Amino acid sequence: MAGGGFVSSSSGPVKNYEGGITVFVLVTCIVAATGGLIFGYDIGISGGVTSMPSFLKKFFPKVYRKEISAKPNDYCKFDSQILTSFTSSLYIAGLVSSLSASSVTRAFGRKVSMVTGGLSFFIGAALNGAAVNVGMLIIGRIMLGFGVGFANQSVPIYLSEMAPPKLRGALNIGFQLFIAIGVVTANLINYGTAKIDKWGWRLSLGLAAVPAVIMVAGSLTLPETPNSLIERGQRERAKAMLQRIRGTPNVQEELDDLIQASEYSMTVRHPFRNILTKKYRPQFVMAVLIPFFQQMTGINVIAFYAPVLFRTIGFGSDAALMSAVILGVVNLVSIIVSIFIVDKYGRRFLFLQGGVQMVIFQVIMSAILGTKLGTSGHGGMSKGYSMFMVVSMCLYAAGFGWSWGPLSWLVPSEIFPLEIRSAGQSINVAVNLITTFIFAQVFLTMLCHFKYAIFLFYAAWVVVMTLFIYFFLPETKNVPMEEMTRVWEGHWFWRRWAHHRAEHSNVDVQMVNGAHQTESSATPSHNKP
């Protein structure tokens, strides 16, 4: 059946390695997942700060004057390319750093990339909190962006490599969980600091240093993944680590598969060039389209500008900030739901169900705005309609929270073979950030021109991406990462490329093994008489 889940293939059933969840791997994955805090905190803090009068008066006085004026259309009063540049500049920096992070992650391990990301984010937080002009704000945002790029590239890979296959989904979603925790924390901080005249925004921006410190301190205590150790020639350490995280001494079968994958990865000297070849076509398509589609749900621009959006529909400043907090809490709870069901019901089920739910409530939100504000934006909303709008937005956020939110990080991080894993994740992050940049930059302009139809625009995209998932994404739950090629071999569309890769992989590994054997037999033994 088109898009059906995978059970087995012509290559045989998927392997079931020994071992399971241990306290050690659980604690390790929780610590690593805190890397999501920096991204979440930034997403949550930006929208609240850019709606604070003291911040606008100091850095964007024209926007402030437009906001307090009664003349402009309510949909358009926050439309400013300079203001959105403050928010979106982070994502260009993140795009550049995520691509360079691939080489660091592969050569020096996942930990080094995570520590680098945390330190860069700390510097950016300090610059933003102490900013005296727009230039200083933008430089701080760029440093924050470098931190986000490194963290988003390395943390999902780390989690997927450490987790046992049967719980990989739940543990990897921990990253998205901490992103949501960061968003909620930031919204709560904004709610409090908005009451501090003149310098409350400094506290909001400066406190970004706290999640950065948590990430750096946590990363320094983490062990390296077995995959990374093998990739860097440390096989004995890798075996010991594999035994520890699986809770069993019987790890030889999994270790052999990791070593074989590593030997093949040694033949791939240019991962970014190789990922464009036909044999990696399924993974490359997913690395590009899944993060692109995630942004086309419209969730991040709503998260960035939630306080602004709520003020547009008639909420006061405090009520808008509190509504953004409520939206963040709903998203957080929905991610927790996803953690408990993703490895039971699978990725496809959550993608499809979440897509349908988002479309329904996007249409409802558009209808509410169209009925009450019209195209002029001057209609105003009663308290009842405003609450209905908030409830609809929360149910939309819940649909995202247990589907496209966590799964857009989980699925790309688990489908790449080792030889292109760092490059593939970098492309995933880069597409996510460049799309985020574009829509963060143009959202307020789109709101000004599309008006209430803005949600219909995103709803149309959710329909497209839900159909894409149905037809083209195979099920990946419970499949070991080094066995993931079998998933594509069993899919009605991707099997033509998967078989092509499997044939080449077998030939290349045999060549590598043959080269090792030749080298071994040609090297004289000093122990022989």
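Quick notes on the rules
- Residues numbered from 1 in each chain as written.
- Predicted model: local features only at pLDDT ≥ 70, side-chain atom pairs only at ≥ 80, totals over all residues.
- Heavy atoms only, no water.
- Helix = DSSP H or I, 4+ residues; strand = E, 2+ residues; numbered from the N terminus.
- Buried < 20%, exposed > 50% of the residue type's maximum accessible area, 1.4 Å probe, protein only.
- Contact = heavy atoms within 4.5 Å.
- Areas by Shrake-Rupley, 256 points an atom, 1.4 Å probe, with all protein chains shown as cover.
- Patch = residues over 30% accessible without salt bridge, like charges linked within 9 Å, V, L, I, M, F, W, Y side chains within 5 Å.
- Salt bridge = Lys/Arg side-chain N within 4 Å of Asp/Glu carboxyl O.
- Expected span 1.5 Å × (residues − 1).
- Core = buried A, V, L, I, M, F, W, Y, C linked by side-chain atoms within 4.5 Å.
- pLDDT = per-residue confidence, 0-100.
- Arc of directions from axis to C-beta.
- Axes fitted to C-alpha atoms, helices over the stretch in contact; angles between N-to-C directions.
- Parallel < 35°, antiparallel > 145°, perpendicular 65-115°, else oblique.
- Phe/Tyr/Trp six-rings, centres within 6.5 Å; stacked < 30°, edge-to-face > 60°.
- Lys NZ or Arg CZ within 6 Å of the ring centre and 35° of its normal.
- Polar contact = N/O pair within 3.5 Å; in protein donor to acceptor, adjacent residues only side chain to side chain.

Enquirer: Mind laying out the overall build of the chain, listing which residues take part and the relevant values?
Expert: Regarding its fold elements, the chain presents 24 helices and 2 strands. Here the chain holds 529 residues, and the buried ones make up 60% of them. Residue pairs in contact within the chain that sit at least 24 positions apart in sequence constitute 82% of those at least 6 positions apart. With an accessible surface of roughly 19,800 Å², the chain has 66% of that area assigned to carbon and sulfur atoms.

Enquirer: How would you sum up a nonpolar patch on the surface? Please name residues and give values.
Expert: Together, Val463, Leu467, Tyr470, Phe471 and Trp492 make up an exposed nonpolar region whose accessible area comes to about 430 Å². Considering the arrangement of structural elements, one finds tyrosine 470 in helix α22 (residues 454-472).

Enquirer: Just give me the short version of unusual backbone geometry, but keep the residues and values in it.
Expert: Unlike most non-glycine residues, lysine 198 shows phi in positive territory, near 75°. Among the structural elements, lysine 198 can be located in the loop between α8 (168-193) and α9 (200-206). Judged by relative accessible area, lysine 198 falls into the exposed class, the value being 64%.

Enquirer: I'd like a rundown of helix α19 (residues 383-401), residues and numbers included.
Expert: The periodicity of an α-helix, 3.6 residues per turn, causes residues three or four places apart in sequence to face the same way. A rise of 1.5 Å per residue sets the reference length of α19, with its 19 residues, at 27 Å; its end C-alpha atoms lie 26 Å apart and thus fit the reference within 8%. Residues Ser386, Met389, Val390, Ser392, Met393, Cys394, Tyr396, Ala397, Ala398, Gly399, Phe400 and Gly401 constitute the buried set of α19.

Enquirer: Account for the nonpolar core, naming residues and giving values.
Expert: One finds Met286, Met393, Trp404 and Phe455 to be the most contacted residues of the largest nonpolar core, which totals 65 residues. Examining the composition of this core, we find that 8 residues originate from one element, helix α18 (residues 347-372), more than from any other. By size, the runner-up hydrophobic cluster in this structure holds 60 residues, among which are Cys29, Phe86, Ala212 and Leu433.

Enquirer: Got a sec to walk through the confidence of the model for the chain? Specific residues and values, please.
Expert: The predicted model of the chain has a mean per-residue pLDDT of 81, with 82% of residues at 70 or higher. pLDDT under 50 marks residues 1-12. Its contacts with residues more than four places away, or in other chains, come to 30 contacts. Low pLDDT, under 50, characterises residues 505-529; the predicted model gives this stretch 10 contacts beyond four residues in sequence or across chains.

Enquirer: Go over helix α1 (residues 23-33), please, and point to the residues and values.
Expert: Listed in full, the buried residues belonging to α1 are Val25, Thr28, Cys29, Ala32 and Ala33. All buried residues of α1 lie within an arc of 130° about the axis, which places them on one face of the element. Buried positions along α1 lie against α2 (36-49), α6 (110-129), α7 (134-162), α8 and α12 (235-246).

Enquirer: Before we move on, could you go through the environment of glycine 48 and cite the residues and values that matter?
Expert: Structurally, glycine 48 can be placed in helix α2. Taking the C-alpha atoms as reference, glycine 48 lies 8.7 Å from alanine 324; in sequence the two are 276 residues apart.

Enquirer: Talk me through the packing of α2 against α7; I want residue IDs and the actual numbers.
Expert: Their axes nearest at 9 Å, the elements α2 and α7 cross at an angle of 140°. Taken together, the axes of α2 and α7 lie oblique to each other. Two secondary-structure elements touch here, α2 through Ile38, Phe39, Asp42 and Ser46 and α7 through Arg141, Leu144, Gly147, Val148, Ala151 and Asn152.

Enquirer: Could you give an account of the packing of aromatic side chains, naming the residues involved and the relevant values?
Expert: For the coordinates displayed, the defined rule picks out 24 aromatic pairs. Each ring, one from phenylalanine 457 and one from tyrosine 458, has its centre 5.3 Å from the other, and the planes form 70°; the classification is edge-to-face. Between phenylalanine 472 and phenylalanine 493, the aromatic rings sit 5.2 Å apart at their centres with planes inclined by 75°, giving edge-to-face as the arrangement. Taken together, the positions of phenylalanine 472 in helix α22 and phenylalanine 493 in the loop between α23 (485-489) and α24 (495-522) put the pair 21 residues apart, joining distant regions of the chain. Overall, phenylalanine 472 belongs to the partly exposed group, its relative accessible area being 23%. Over the ring of tyrosine 191 we find lysine 195, and its NZ or CZ is 4.7 Å from the ring centre. One cation-aromatic arrangement involves arginine 244 over phenylalanine 24; the distance from NZ or CZ to the ring centre is 3.8 Å.

Enquirer: Before we move on, can you summarise the pattern of salt bridges with the specific residues and values?
Expert: As enumerated under the stated definition, the model contains 12 salt bridges in all. With a closest N to O distance of 3.0 Å, arginine 347 and glutamate 414 form a salt bridge. Highlighted residues: arginine 347 in helix α18 and glutamate 414 in helix α20 (residues 404-415), separated in sequence by 67 residues. Here glutamate 414 falls in the buried class, since its relative accessible area comes to 0%. Each of Arg106, Arg110, Glu161, Glu231 and Arg421 takes part in salt bridges that share partners, so that together they form one network.

Enquirer: Describe in detail the side chain of asparagine 172, supporting the description with residues and values.
Expert: Note on placement: asparagine 172 falls in helix α8. Accessibility expressed as a relative area gives 1% for asparagine 172, which makes it buried. A polar side-chain atom of asparagine 172 sits 3.1 Å from the main-chain carbonyl oxygen of proline 156. Among the polar contacts made by the side chain of asparagine 172, one reaches the side chain of serine 413 at a distance of 3.1 Å. If we ignore the near neighbours within four places in the chain, the residues touching asparagine 172 are Pro156, Leu159, Ser160, Trp409, Leu410 and Ser413.

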